[in-house]
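Listed below, chain by chain, are the residues.
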Amino acid sequence: MLQSQAKWEFKNDEMKALKGTTFHGLGLPPLIEHLLVKRGIKTKEEAISFLEPNLDDLYHPSLLTDIEKVKKRIQQAIDNEESILVFGDYDADGVSATAVLIETLRELGAMCDYYIPNRFTEGYGPNEQAFRKAYNQGFQLIITVDTGIAAFAPAQLAKELGIDLIITDHHEVQSVLPDAYAIIHPKCSTAYPFKELAGVGVAFKLAHYLLGYFPKQFLDLVVIGTIADLVPLVSENRILTYHGLKAISQTKRPGISALKKLAGISNAVSEEDIGFLIGPRINAVGRLQSAYPALELLLSEDAEQADSIATEINDINQKRQKIVSGITEEAIGHVEENKEANKQVIVVAQEGWNEGVLGIVASKLVRLYQRPAVVLTLQPDKQRAKGSARSIPAFDLFENGMEIKDLFEQFGGHAQAAGMTLSIDDVDRIRIALNQLAKQKLAIDDYKEKLEIEQEIALDDVDIKLIQSLDQLAPFGMGNPKPLFHIKAKPIELRQIGSKKNHLKAAFQGESQRMQAIGFGMGGLYHLISPQADMEMVGFLQINEWNGRKNTQMMIQDVSVKEWQLFDFRGSKLWMKQVANFDKNSTAIITFQTTSNNVSYPFKHYHFDQLQNEESKRVLSEYKTIILVELPKNLKDIQMLMESVTPENMVVTYQLEDNELSQAFPNRNDFKWFYGMLLKRRNFSLSSDIPLLVKHKGWKKDKIECIIKVFSELEFVKINDGIIRPVDQPSKRDLTESQLYQKVIEQAEIEKTMYYSTYQELKDWLTSQMEQHRSIKEEMIYGL
């Protein structure tokens, strides 16, 4: 048995009483119709709108509160030749939003410049120092993009300095708003239907309104920020992303083209390309230094300059990856040292951690420990701690953070991600407070990651055509997750791959279809899955193309084995290496023959004779994995063992020595032949005739000696001076009356059942012993 790491939730398979003719005329495969219904799409018109996103379905920007006021103020600035400062953010959403608005203002003929705060010297969002600097440089109008909705003090300063501040943002709105000249924010606009635009989406809406036409030339920028910021890809975001992916695939922007080339993207750009290749590279710049190179790359009109900047950004990203790896390792060490203090919510802090990557580290901790995580860098010179948090679905970071906002100097973000600054003295208080909130609000089940499975699917139903049909639902992301499927199959191949053997690869063969599967980061499960087990997998289906050949493949997200597993290492001398990955606290070794304490085993060791009292049986019952390193003295020992344990896994590692009795055991015809030969000859020499008989019959010496010992025990023969002679008129006795014969028969049965049996025969027999004990136990419980 192998427990899944996540909680599997199978979505309701009913079609919600909708008939199969719901999407009549669209020619959709049944699976796609099924998935559309599960996404709340009920009509043919809704299906067309979802499958073929139309730019005409975007809401008009005039519905945004204050947008007309903003347009007039910007036009006034242009007419009066006032200097306009676009104040952006250092992530991919903020950088792409800044690029959109700068290019818009330039097209309108505005005198404009941009400013992106330094994460390390200024922190997140507008700040008073930057505003004073802008004032001294003569800027009379500041427009924020992807930031500013929590900039209360800077907004007040701008007002005092006579600077008009326009805030465009999409982050969570607090109970009060900054005192700004105007605020463009979907959640502050009651007339605007869609509230989940990214920062670049809000900037794009403003650009559209300012320019007076739909600016398709910015879609390649919009798609970067929208996907990288993990906003829900529904409604307007789906439309912008769908068309943005087409735009970025054909982009003429030197900067994006250079970045695509470095990332190895040569075909159509997918949402995964942006999420895993383009977005992280742009984000990496602001995480380690000033984000200006990222913005300059997007704005560049020179191919040579763009190539140079893209190379610099790629190097920064590689450096970022190394830094993340180091901090993650140290953060895990903190958690392991203080497990109780971080039981519900992880809060770790250390001096010297690069604050630009702490959000990534927090995400890794959430995935590893399945609980919210706050990762802080300590700055003793300023007596403050600064960092990022990530969460699980059941724990709203913004909501819970606002409940203890008095402990923060600065706090903001979303339900699943937040940033904060606090006093070093309050780190422990934050940890205690967040753990108390989580303890009050969350159940144990809330901490386990939930995988929503669209459908169970048979291996033979997975083909290229099916997977290609799923692409109609793309682009996938938040709000429109890539469909997860459940498949149960027995692997024909299971192995570790990767330089560190940290990935799992499997192959499956149905009656008509073959499928491969990859589990990244799951290499450690290789030793915990029996090659003959029925694996249950949850994952994404995709097409793997190699050397022009296309194959179906599942990207495994989780795996389990529901039945108990038998690991068959019979006869192997390397079994200790093969079981090294089993949990030492839940694995026990059972011996039946060896009593010496000098034998060293890698797990807790019990001799069968120690398991005869109730307390020892209770202790043994707590082990999930039982390893049998020796054959039992009799099969009843196994039956008795099953009274104490019902293991999730059983490992058999025993070997047969050359002197095992049953290997030399003769059958009845052998006994008959030997006795007839002896009656004719009347004598048989142990020293001279045994070698001759070995050569004549091809028997082993042990076999001949066994026959002689049984006949001697039954008093059919007498042995004097090494000569065997038959007894005249011996008593009539059956071979089974010989204790030696009985012992060898029993040993032969043990070896036949537990050593020479096939894998399936042994598993079936062990299963029968478990079920027999379970049946007896149930009868006792119910008083039958």
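Because the structure is predicted, anything quoted here is derived from the model rather than measured. (Residues numbered from 1 in each chain as written. Predicted model: local features only at pLDDT ≥ 70, side-chain atom pairs only at ≥ 80, totals over all residues. Heavy atoms only, no water.)

**Considerations on the overall build of the protein chain**
Move 1: Scanning the protein chain for helices and strands turns up 25 helices and 27 strands.
Move 2: Relative to a compact globule of 784 residues, whose C-alpha radius of gyration would be 28 Å, the protein chain shows 37 Å and is clearly more extended.
Move 3: C-alpha atoms of the protein chain, sized along the principal axes, occupy 135 × 65 × 60 Å.
Move 4: Across the 784 residues of the protein chain, 52% fall into the buried class.
Move 5: A fraction of 67% describes how many contacts in the protein chain between residues 6 or more apart in sequence connect residues 24 or more apart.
Move 6: Of the side-chain charges in the protein chain, 90 are positive and 106 negative, and the distance between the mean point of each set is 6 Å. (Helix = DSSP H or I, 4+ residues; strand = E, 2+ residues; numbered from the N terminus. Rg over C-alpha atoms; globule rule 2.2 N^0.38 Å. Buried < 20%, exposed > 50% of the residue type's maximum accessible area, 1.4 Å probe, protein only. Contact = heavy atoms within 4.5 Å. Lys, Arg positive; Asp, Glu negative; His and termini not counted. Charge placed at Lys NZ, Arg CZ, Asp CG, Glu CD.)

**A look at the packing of helix α10 (residues 254-263) against helix α11 (residues 271-288)**
Move 1: At their nearest, the axes of α10 and α11 sit 10 Å apart, and the two run at 115° to each other. Of the two possible hands of crossing, α10 and α11 adopt the one that is right-handed. Taken together, the residues of α11 that come into contact with α10 (itself represented by Leu259, Lys260, Leu262 and Ala263) are Leu277, Ile278, Arg281 and Ile282.
Move 2: Looking at the contact of α10 with α11, its residues break down into 6 nonpolar, no polar and 2 charged. (Axes fitted to C-alpha atoms, helices over the stretch in contact; angles between N-to-C directions. Left-handed = near helix turned anticlockwise from the far one by under 90°. Nonpolar A, V, L, I, M, F, W, Y, C, P; charged D, E, K, R; others polar.)

**Some thoughts on the sheet that holds strand β4 (residues 139-145)**
Move 1: One open sheet accounts for 5 strands, arranged β3-β2-β4-β5-β6; its pairing is parallel. Lying at the two open borders of the sheet, with one neighbouring strand each, are β3 (111-115) and β6 (182-184). Averaged over all adjacent pairs, the angle separating strand axes in this sheet is 20°, with direction ignored.
Move 2: Contacts from helix α3 (residues 67-79) reach β2 (83-87), β4, β5 (164-168) and β6 within the one sheet, and its direction differs from that of β4 by about 140°. (Pairing = 2+ DSSP bridges.)

**Concerning helix α22 (residues 689-697)**
Move 1: Turning to α22, its buried residues number three or more, namely Asp689, Ile690 and Leu693. Take α22 and look down its axis: the buried residues cluster within an arc of 95°, on one side only. Turned more than 90 degrees away from the buried face of α22, the exposed residues are Leu692 and Lys695.
Move 2: Where the residues of α22 are buried, they touch α21 (668-681), β25 (684-685) and α23 (701-713).
Move 3: Positive backbone phi, at 75°, marks Gly698, one or two positions downstream of α22. (Arc of directions from axis to C-beta.)

**Digging into the confidence of the model for the protein chain**
Move 1: Mean pLDDT for the protein chain: 92, with 96% of residues reaching 70 or above.
Move 2: Scored below 50 in pLDDT, residues 14-19 shows 7 contacts in the model against residues more than four places distant or in partner chains. (pLDDT = per-residue confidence, 0-100.)

**Overview of the side chain of Ser388**
Move 1: Position of Ser388 among the secondary structure elements: in strand β9 (residues 384-390).
Move 2: Among residues more than four places away in sequence, those in contact with Ser388 are Leu358, Gly359, Ala362, Ala373, Val374, Val375, Ala418, Gly419 and Met420.

**Section: the sheet that holds strand β18 (residues 535-546)**
Move 1: Strand order in the open sheet formed by 7 strands is β13-β14-β18-β19-β17-β16-β15, and the pairing between neighbours is mixed. This sheet does not close on itself; its edge strands, each paired only once, are β13 (455-456) and β15 (491-497).
Move 2: In the sheet, strand β17 (residues 514-519) pairs with strand β19 (residues 549-560) via 3 bridges, with the strands oriented parallel. Within β19, the residue paired with Ile518 across the bridge is Met555.

**A few points about the environment of Ser685**
Move 1: Residue placement: Ser685 occurs in strand β25.
Move 2: With a relative accessible area of 10%, Ser685 lands in the buried category.
Move 3: Residues Ser685 and Ser363, spaced 322 residues apart in sequence, show a C-alpha to C-alpha distance of 81 Å.
Move 4: Beyond its immediate sequence surroundings of up to four residues, Ser685 is in contact with Ile690, Gly722 and Ile723.
Move 5: Polar contacts involving the side chain of Ser685 include one to the side chain of Ser687, which spans 3.2 Å.
Move 6: Among the polar contacts listed, one links the side chain of Ser685 to the side chain of Ser688, at a separation of 3.0 Å. (Polar contact = N/O pair within 3.5 Å; in protein donor to acceptor, adjacent residues only side chain to side chain.)

**Focus: the environment of Thr121**
Move 1: Within the secondary structure, Thr121 is located in the loop between β3 and α5 (128-136).
Move 2: Separated by 77 residues in the primary sequence, Thr121 and Ala198 have C-alpha atoms spaced 26 Å apart.

**Quick look at the pattern of salt bridges**
Pairing between side chains of opposite charge can happen when the charged atoms of each approach one another.
Move 1: This model, assessed by the stated rule, comprises 31 salt bridges.
Move 2: The shortest N-O distance in the salt bridge between Glu236 and Lys205 comes to 2.5 Å. Linking Glu236 in helix α9 (residues 235-249) with Lys205 in helix α7 (residues 199-211), this pair joins segments that are 31 residues apart in sequence.
Move 3: Looking at Lys205, the relative accessible area reads 3%, which means it is buried.
Move 4: For Asp426, the salt bridge is made with Arg429, and the minimal N-O distance between the two is 2.5 Å.
Move 5: Overall, Asp426 belongs to the buried group, its relative accessible area being 16%.
Move 6: Given a relative accessible area of 45%, Arg429 falls into the partly exposed group. (Salt bridge = Lys/Arg side-chain N within 4 Å of Asp/Glu carboxyl O.)

**A short note on the pairing of strand β24 (residues 649-652)**
Move 1: Where burial is concerned, the two faces of β24 agree: the one with Asn649 and Val651 and the one with Met650 and Val652 are both buried.
Move 2: Sheet topology places strand β20 (residues 565-568) next to β24; 4 bridges connect them, and they run parallel. In the sheet register, Asp568 faces β24, and the bridge partner there is Val652.
Move 3: Once the chain exits strand β23 (residues 625-628) it traverses helix α20 (residues 635-641) before rejoining the sheet at β24, and the crossover so formed is right-handed. (Right-handed = clockwise from strand over helix to strand, strands pointing away.)

**Looking at helix α6 (residues 152-161)**
Move 1: Buried within α6 are the following residues: Pro154, Ala155, Leu157, Ala158 and Leu161. Each buried residue of α6 sits inside an arc of 160° when the element is viewed along its axis, so together they form one side. The exposed residues of α6 that point more than 90 degrees off its buried face are Lys159 and Glu160.
Move 2: The inward-facing, buried residues of α6 abut α5 and β5.
Move 3: Of the residues one or two after α6, Gly162 is the one with positive phi, at around 85°.

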